[in-house]
Amino acid sequence: MDEATSPAFSAASSIPTWPPVAAPGQDPTAKASTAEDDEPGQSGEGAQLREAIARYVILPSSEALTAVTLWVAATHIQPSLQHAPRLAVVGPAKRCGKSRLLDVLTETVREPLITVNTSPAVVFRAIGDDPPTLLVDEADTIFGSIKAAEKNEELRGLLNAGHQRNRPALRISGPEHKPQAFPTFAMAALAGIGDLPDTIMDRAVVIRMQRRKEGERVEQFRSRRDIPALHALRDRLTTWLRPLMDTAADLVPPMPVQDRAADTWEPLVVVAELAGDSWPERAREACVAMCAAEVGQDDESNVKTRLLKDIRRVFACYGDPDTVRTRDLLEELLKDQEAPWAEYRSTGLTPRYLGILLKDFGIQAAVLRFEGGRQARGFSRTQFTDAWARYCPEEQPPGGEETTRHGSAVHP
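Everything numeric in this text was worked out from a predicted model, so none of it was measured. (Residues numbered from 1 in each chain as written. Predicted model: local features only at pLDDT ≥ 70, side-chain atom pairs only at ≥ 80, totals over all residues. Heavy atoms only, no water.)

Counting across every chain of the model gives 23 salt bridges. Where arginine 217 meets glutamate 214, a salt bridge forms, and the shortest distance between an N and an O atom there is 3.9 Å. Residue glutamate 214 is classed as partly exposed on the basis of its relative accessible area, which comes to 48%. With a closest N to O distance of 3.5 Å, aspartate 320 and arginine 381 form a salt bridge. (Salt bridge = Lys/Arg side-chain N within 4 Å of Asp/Glu carboxyl O. Buried < 20%, exposed > 50% of the residue type's maximum accessible area, 1.4 Å probe, protein only.)

What follows is the structure in C-alpha cells.
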C-alpha cells in the first residue's frame, strides 16, 4: 500500500493497534504505539475500540469482538463502500447484553440514528449521500411475529435494498405527485430476541449474544461518565478514516467467502486492510468462522430456554447421571402434558428437532457407551452445564455457594 495513505503501525506489535492520532497537546510526530504501550488511554484506536466494547459487554467470541470493532470503523467510510452490512445482534432470551452493545455502538459509529420503532418514511428522509448509521433496538417487536412482520414488510424491504448501493425506493411525493427516488443505502444494526427475517440475516454480520454466567463481569454503562470518552474515540476514528475514503473505494480485497457473504464482509476487510499489521488476518479469520457458524441456524428461539430447563429436569429425574440416551430424554420430555413437546411441529419433538433446537447452544448428540457396554446416541450432562449457567441458572439455597472451574458453573 502507498506509504502516503497507509496508516502507521508498529511492526513489532503482536496486538493490532489502529494508527495513532495526535490528541490536543501531543506531538503529532510521536511514534506509533507498541504492544507494551498499547494500554487503556494510550494511542491505538483499534485496541481502544476493542477494549471499549469489551468493557461493557461480553461478546460470544474473539472473532465477534473483531467483527464489531471493524463494523463500527466501517461506518465512518460509508460513502466509499459498495455494500452496507447489517449487524444483527440477536440472542435467545432477555438480558444477553444486546441493548448494552447498541449503547456502545451509538456513541462510536458515525452519525447514529437510533430508534426502537420507526416508519419507512422517516428512514427514507434521513438517508442521504453521506448516510447515518441506523440503530434499531427491540427489533423483535417489529419482526418477531407473523402479524408484526406483515405490518412492517415495507421496512424489511428498505433494509434489504439498503444493503447495496444504488437501490433507491420510489415514492410519489410533493404537491404535483411526481415520483421521487429516495436513497436506501445505509449501514444498520438491529438488536432483538430471536433471529431477524432471513433476508436481513443473510445480509448481516450476525452477533449471537449470550447471557452472562456467574463470575463474568462487565462495567456498568453510565452516560455522563462514559459517553465523552467514547465520543473522543469516535472523533479519532473519523480523523483517521475520512481522508482515506478514496483509498477505501479503490480497494477490492480478496475474500475467503463468496457471493452475498463476501459483499457483507468486504467493508470490514477493507478497514482491516487500511489498518494493516495483523488486522487483515484477524478480519478474514472472523469472517470464515462466523459465516460457518451461521450455516443451518434455526430461528426458533422462544422455546429454547424452556427446553434447557426441561432437560435439566429429566437429568434430575434420573439422578443426574453423566449421560442420558436420546430416546430416554425424548420419552420423558413428551410425558409432560403441560410442555409443548408432544405437539411440537405437529409431529411432536423428534431427535432431529431436538438437535435443531440445541444447536444454537453448541450442543449435539453423540454415540456414547452406556451400562452393559451398549452404545447409543445420547447426551452427556457436561454438554449442558454452560447453557444452564447462562440461560436458566438454578437459585442457590440460603448460605449456599456456587463455584466456578474454567469459567463453567459447578454445583456442589
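So, on to the confidence of the model for the chain. In this model, the chain carries an average pLDDT of 81, and 81% of its residues clear a pLDDT of 70 or more. Confidence drops under pLDDT 50 across residues 20-43; counting only partners more than four residues distant or on other chains, this segment forms 35 contacts. Taken together, the stretch residues 400-412 has pLDDT below 50 and engages in 19 contacts with residues farther than four places along the chain or on a different chain. (pLDDT = per-residue confidence, 0-100. Contact = heavy atoms within 4.5 Å.)

Turning next to the packing of aromatic side chains. Considering all chains together, one arrives at eight aromatic pairs under this definition. Geometrically, the ring pair formed by tyrosine 56 and phenylalanine 221 is edge-to-face, given 5.3 Å between the ring centres and 80° between the ring planes. Pair noted here: tyrosine 56 is in helix α1 (residues 45-56) and phenylalanine 221 is in the loop between β7 (204-208) and α9 (223-241), with a separation of 165 residues, a long-range link. Exposure class is identical for tyrosine 56 and phenylalanine 221. Each is buried. A cation over a ring is seen here: arginine 165 above phenylalanine 185, with NZ or CZ 4.2 Å from the ring centre. The lysine or arginine in question, arginine 325, covers the ring of phenylalanine 370, its NZ or CZ lying 4.6 Å from the ring centre. (Phe/Tyr/Trp six-rings, centres within 6.5 Å; stacked < 30°, edge-to-face > 60°. Helix = DSSP H or I, 4+ residues; strand = E, 2+ residues; numbered from the N terminus. Lys NZ or Arg CZ within 6 Å of the ring centre and 35° of its normal.)

Turning to the state of the cysteines, a few remarks are in order. Counted according to the given criterion, the structure contains zero disulfides. Here cysteine 291 stays free of any disulfide, with the sulfur of cysteine 287 as its closest cysteine sulfur at 4.2 Å. (Disulfide = S-S within 2.5 Å.)

This next bit is on the environment of glutamine 220. Along the polypeptide, glutamine 220 turns up in the loop between β7 and α9. Judged by relative accessible area, which is 46%, glutamine 220 ranks as partly exposed. A C-alpha to C-alpha distance of 9.3 Å links glutamine 220 and arginine 100, two positions 120 residues apart in sequence. Not counting residues up to four positions away in its chain, the partners in contact with glutamine 220 are Tyr56, Arg225 and Asp226.

A few words on unusual backbone geometry. Phi at asparagine 166 takes a positive value of approximately 65°, unusual for a residue other than glycine. If you trace the backbone, asparagine 166 turns up in the loop between α7 (153-161) and β4 (169-173). You can call asparagine 166 exposed: its relative accessible area is 62%. The residue serine 346 is not glycine, and still its phi comes out positive at about 70°. Within the secondary structure layout, serine 346 lies in the loop between α14 (326-335) and α15 (351-359).

Running from amino to carboxyl end, helix α13 (residues 304-317) crosses helix α16 (residues 382-391) at an angle of 125°, the nearest separation of the two axes being 10 Å. The angle between α13 and α16 places the two elements in the oblique class. The handedness of the crossing between α13 and α16 is left-handed. In this structure, α13 uses Thr305, Leu308, Ile311, Arg312 and Phe315 to contact α16, whose residues at the interface are Phe384, Ala387, Trp388 and Tyr391. By residue class, the composition of the contact of α13 with α16 is seven nonpolar, one polar and one charged. (Axes fitted to C-alpha atoms, helices over the stretch in contact; angles between N-to-C directions. Parallel < 35°, antiparallel > 145°, perpendicular 65-115°, else oblique. Left-handed = near helix turned anticlockwise from the far one by under 90°. Nonpolar A, V, L, I, M, F, W, Y, C, P; charged D, E, K, R; others polar.)

Quick look at the side chain of threonine 184 now. On the secondary structure map, threonine 184 appears in the loop between β5 (178-182) and β6 (188-193). At 2.7 Å, the side chain of threonine 184 and the backbone oxygen of arginine 167 are in polar contact. (Polar contact = N/O pair within 3.5 Å; in protein donor to acceptor, adjacent residues only side chain to side chain.)

Turning our attention to α13. When the terminal C-alpha atoms of α13 are compared, their 20 Å separation across 14 residues agrees well with the 20 Å that a helix rising 1.5 Å per residue should span. Where α13 is concerned, the buried positions are Lys304, Thr305, Leu307, Leu308, Asp310, Ile311, Arg312, Val314 and Phe315. Residues of α13 that are buried in the fold lie against β8 (323-325), α14, α15, β10 (375-380) and α16. Downstream of α13 by a residue or two, glycine 319 has a phi angle that is positive, lying close to 85°. (Expected span 1.5 Å × (residues − 1).)

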